[in-house]
Amino acid sequence: MQKVVTLLLLLEAMAGGKALHLVHLPAASSVAENSPPGTLMHKFSVNLSTSLSPVAPGFPLIINSNPLIEAFRVNRLSGTNFEVVTFGKQRLDFETGPNAFDLQIYVKDEVGVTDLQVLTVQVTDVNEPPEFQGSLAEGLDLFVTERANPGFIYQVEAFDPEDTRRHTPLSYFLTSPSRSFSMSANGTLFSTTELDFEAGHKSFCLTVEVRDSGGLKASTALRVSIVNVNDEIPFFTSPTRVYSIPEELRAGTIVANVTAEDPDHDGSSPGHLLYTITTVSKYFVINQLTGTIQVAQRIDRDAGELRQNPTISLEVLVRDRPSGGQENRIQITFIVEDVNDNPATCNKLTFSIMVPETAANGTLLLDLNKFCFDSDSEAPNNAFNFTTPSGMGSSRRFLQNPAGSGKIVLIGDLDYENPSNLAAGNRYTVIIQVQDVAPPYYKNNIYISILTSPENEFPLVFERASYVFAVSELRPARTQIGQVRATDEDFPQSSVTYSISSGGASLQHPNIFWINPKMGGLQLVTKADYETTPSYTLRIQATNGKDTSSVTVTVNILGENDEKPVCTPNSYFLAIPVDLKVGTNIQNFKLTCTDPDSSPRSFRYTIGPGNINSHFTFSPSAGSNVTHLLLASHFDYAGGLDKIWDYKLLVYITDDNLLSSRTKAGALVETGTVTLNVKVIPHPTTISTTTPRPRITYQVLRENTYSPSAWYVPFVVTLGSILLLGFLVSLLILLAKAISRHCPCKTGKDKRALAKKGGTDVKHVKTAVVETIQMNTVFDGEAVDPVTGEIYEFNTKTGARKWKDPPAQRPARRQPSAQGTVAVSHRAGAGEGSGLPGSTSQEGEGPRSTERAQGAGLGARSRDGKPYTTAPSKPHSAK
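Residues numbered from 1 in each chain as written. Predicted model: local features only at pLDDT ≥ 70, side-chain atom pairs only at ≥ 80, totals over all residues. Heavy atoms only, no water.

Enquirer: How do you make sense of the overall build of the protein chain when you look at a structure like this?
Expert: A count of helical and extended segments in the protein chain gives six helices and 59 strands. Buried residues in the protein chain amount to 35% of all 879 residues. For the protein chain, long-range pairs separated by at least 24 residues make up 64% of all intrachain contacts whose partners lie at least 6 apart in sequence. (Helix = DSSP H or I, 4+ residues; strand = E, 2+ residues; numbered from the N terminus. Buried < 20%, exposed > 50% of the residue type's maximum accessible area, 1.4 Å probe, protein only. Contact = heavy atoms within 4.5 Å.)

Enquirer: Please clarify how the side chain of Asn544 should be interpreted in this entry.
Expert: Its location among the elements puts Asn544 in the loop between strand S43 (535–543) and strand S44 (548–558). One polar contact links the side chain of Asn544 to the main-chain amide nitrogen of Lys546, over a distance of 3.1 Å. Looking at Asn544, its side chain comes within polar contact range of the main-chain nitrogen of Asp547, at 2.8 Å. (Polar contact = N/O pair within 3.5 Å; in protein donor to acceptor, adjacent residues only side chain to side chain.)

Enquirer: I tried to follow the sheet that holds strand S48 (residues 604–607) on my own but got confused; where do I start?
Expert: In sheet architecture, strand pairing relies on hydrogen bonds along the backbone and comes in two forms, parallel and antiparallel. Taken in spatial order, the four strands line up as S46-S52-S51-S48 in an open sheet, and their pairing is mixed. In the strand order of this sheet, the two ends are held by strand S46 (571–577) and S48, each with one partner. When strand polarity is set aside, the average angle formed by the axes of neighbouring strands in this sheet is 25°. (Pairing = 2+ DSSP bridges. Axes fitted to C-alpha atoms, helices over the stretch in contact; angles between N-to-C directions.)

Enquirer: What is the right way to look at the pattern of salt bridges in this model?
Expert: Pairs may arise between side chains of opposite charge once their charged atoms sit close together. A complete count under the given rule lists 10 salt bridges for this structure. The residue Glu248 makes a salt bridge to Arg298 at a minimum N-O spacing of 2.7 Å. Separated by 50 residues along the polypeptide, Glu248 in the loop between strand S19 (242–246) and strand S20 (254–257) and Arg298 in the loop between strand S24 (292–295) and strand S25 (311–319) bring together distant segments of the chain. Where salt bridges share partners, they join Glu315, Arg319, Glu327 and Arg329 into one cluster. (Salt bridge = Lys/Arg side-chain N within 4 Å of Asp/Glu carboxyl O.)

Enquirer: Can you walk me through the nonpolar core in this structure?
Expert: As a rule of thumb, nonpolar side chains are buried together in soluble globular proteins. In terms of nonpolar packing, the biggest core is built from 27 residues, with Phe44, Val46, Phe72, Val84, Phe101 and Val121 touching the most fellow members. Here this core gets five residues from one element, more than from any other, and that element is strand S7 (residues 100–108). Tyr243, Ile245, Phe284 and Val316 belong to the second-largest nonpolar core, a separate cluster that totals 25 residues. (Core = buried A, V, L, I, M, F, W, Y, C linked by side-chain atoms within 4.5 Å.)

Enquirer: Help me understand the state of the cysteines, please; the structure alone is not making it clear to me.
Expert: In protein chemistry, a disulfide is the covalent bond that joins the sulfur atoms of two cysteines. Across all of its chains, the model carries two disulfides by this definition. The disulfide partner of Cys346 is Cys372, and the S-S distance across this bridge is 1.7 Å. As the torsion about the S-S bond is roughly 85°, the Cys346-Cys372 disulfide counts as right-handed. Taken together, the residues span a long stretch of sequence, with Cys346 in strand S27 (residues 345–346) and Cys372 in strand S30 (residues 372–373) at a distance of 26 residues. Exposure remark for Cys346: the relative accessible area of 8% places this residue in the buried category. Residue Cys567 pairs covalently with Cys593 via a disulfide, S to S 2.0 Å. Here the S-S torsion is close to 105°, and the disulfide linking Cys567 with Cys593 is therefore right-handed. You can see Cys567 sitting in strand S45 (residues 566–568) and its partner Cys593 sitting in strand S47 (residues 585–594), a full 26 residues away along the chain. (Disulfide = S-S within 2.5 Å.)

Enquirer: Looking at this model, I keep getting lost on the pairing of S43. Mind explaining?
Expert: Along any regular strand, the residues point their side chains to alternate faces of the sheet. Alternating residues of S43 divide into Tyr536, Leu538, Ile540 and Ala542, all buried, and Ser535, Thr537, Arg539, Gln541 and Thr543, none buried. Of the strand pairs in this sheet, strand S40 (residues 497–502) and S43 are connected by five bridges, and their pairing is antiparallel. Directly across from Thr497, in S43, lies its bridge partner Thr543. The hairpin turn running from S43 into S44, its antiparallel successor, is four residues long, and Gly545 in that turn takes a positive phi close to 95°.

Given below as structure tokens:
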């Protein structure tokens, strides 16, 4: 803004002479809040410049009135006189808007001379009337349930800018007086009485007025509507309580009309009261919506309780909703008037009797006198009899005896299985009329339905005493073997259920048969094996719910040629000389064959590939289960006919020898195989010349060849050897550890020199001791001598030891010798050292300290941290 003012001053200076300027500005003015548009705030004028150029159109203007840019404007009064007024597009509010404005008034003439001055406007506070906020300003609808306890209904609140800021409370009043409502000074609306919708006032219009501390006020309307609740008991409006009606009225006849009204009903819609009869009544029903009572069934004055008391009392209940709500009750009494029009009747007019088919003739089936009566009070109106029975198929089976007595007896056959009875369905209908003996002879029909009940007279039996079926052992599962059937001559027929109670088990299956439980069809569960079990005996059980019967079923398995011949041996190695005589049984080789399902005479032998030049044959070649291998022709290696010396013969054994060529193709044929290895020896190993006839000695060569199928043998042997070797090595290691732990090794002989008489031996000992000390040993361990109990130090690496205490403090100790006990004193000279436990020497030998590191004593430890198990050696006795 300063840049704009500076620019205007420069323009004025450039114009020269008397400058254009605003008169009566700058100035200060005030305006009340909420002033209407056009309110005058300040007047000013413009002194023209020396050029007398008029003010340019649109000037002067307010160039900055933030934050309200449309709250003020400048009006032109004349060419040089102007005024500042409120614009009205933006409301001046002391409480919510800014209170002061610096209006920059800018003027410019037509030659471009300008001036700028500031008008300070102060907005003053004005006491405003209070206001109701939101929907309350337009009026509010309130709802109060009737019968509610007097008390709080609603809290009215208004807003006043001045009083709210000063925390001055507003005052509330009800301008429309009401006996049912009151309002506290803080705006709380209360009900003073219990409001009743049915009393007539269903809504109230209240005017609420609020006043501030300055006396300004505002008002709004409250419409309080009373919500109707179901709190009134319906009341009856029909005056009649006792009605007289004749008996024998038709069902549906209206005999009374009960009406009621509900005070809670406002009349805007049809009534919805519901009527019911609370007492148990078989004679009347009531229309729930209209309240009309109608006859439900025949009313007989002379029957039942009406014979003694013709009065029927009903309690009618009226309620204003199906469940809950308000209700009321009324007693209605009907007096039944007697009319002499009652025919003879019965408690039951239809009877259903179940008679067993074994009932004997003359059996009393029904006595109608126990059920029939005439309700008339006096004779002969109360006398009656029965007509002759009639009905389809009843004339020859049933009779009234004596006539007219109403006692029905059996006179015919009721056998359930009798064809004529079956044709009638074993159901019979007897019709008898009961009638008055006096005019007008009223009568009623009585219908008696007699049904024959079947008895279990016949047992359940199978059509056969036993069954025998046959099935081939080659038939697959689900093959139908046969069917069993059990019947019962009793009617009606009951369904029969079949099951296998025992038999039919094989080595692999608990039962190889299955029976259809409904049809009785016997089937295979799996293939049968003739060779394992040629015949099965089953026990089939049938039941129809009443009886149970069993039958034996034998199933014969038909053997089929389904097994291959098996020969012994299955493979063999033979060696023959090259000049073996034709027809000779090679090494007396015999082939013995068996077949579980073929005759021994059914075998046929042929040699397949490998029989080059047909040198070999079997005899007999068919018709026997035992055959021999023969040489059929000479070997000719010299002539070049034969070139191989090892023959591998594949022998086929077929069990079709007994079949003709015509049936061979269609029959089941099985073939077994045998492998023979024949080695031809060029020169016999031994020839006997002692007899005229040459003899040949056969040398059988047997080779232990590896079979690929036996791969597991070397694997198991190798694995077992490795495990055994590992076990032995572990035992050796454990043994070595035990020896080293209990018997420590010594590099030199443990020679102990006996002490001799004289100083020479002592000097030898002293020399050994001195040599040990000269090793400059570092003693880094301590132990206790188990013999003397004294503490000594030792080197854990070399085994060198010395006493820990000074030698002079130790007493002399005696050591045993071969000749007695010799006292040995330990000298402690400077150059002699001390006697070390376990360090001994012989004549001519050096110190042994290094060799006895393991003898350090109890508590000593080796390099690996393990304690030594050996104690320091005892002093040696002199020899």
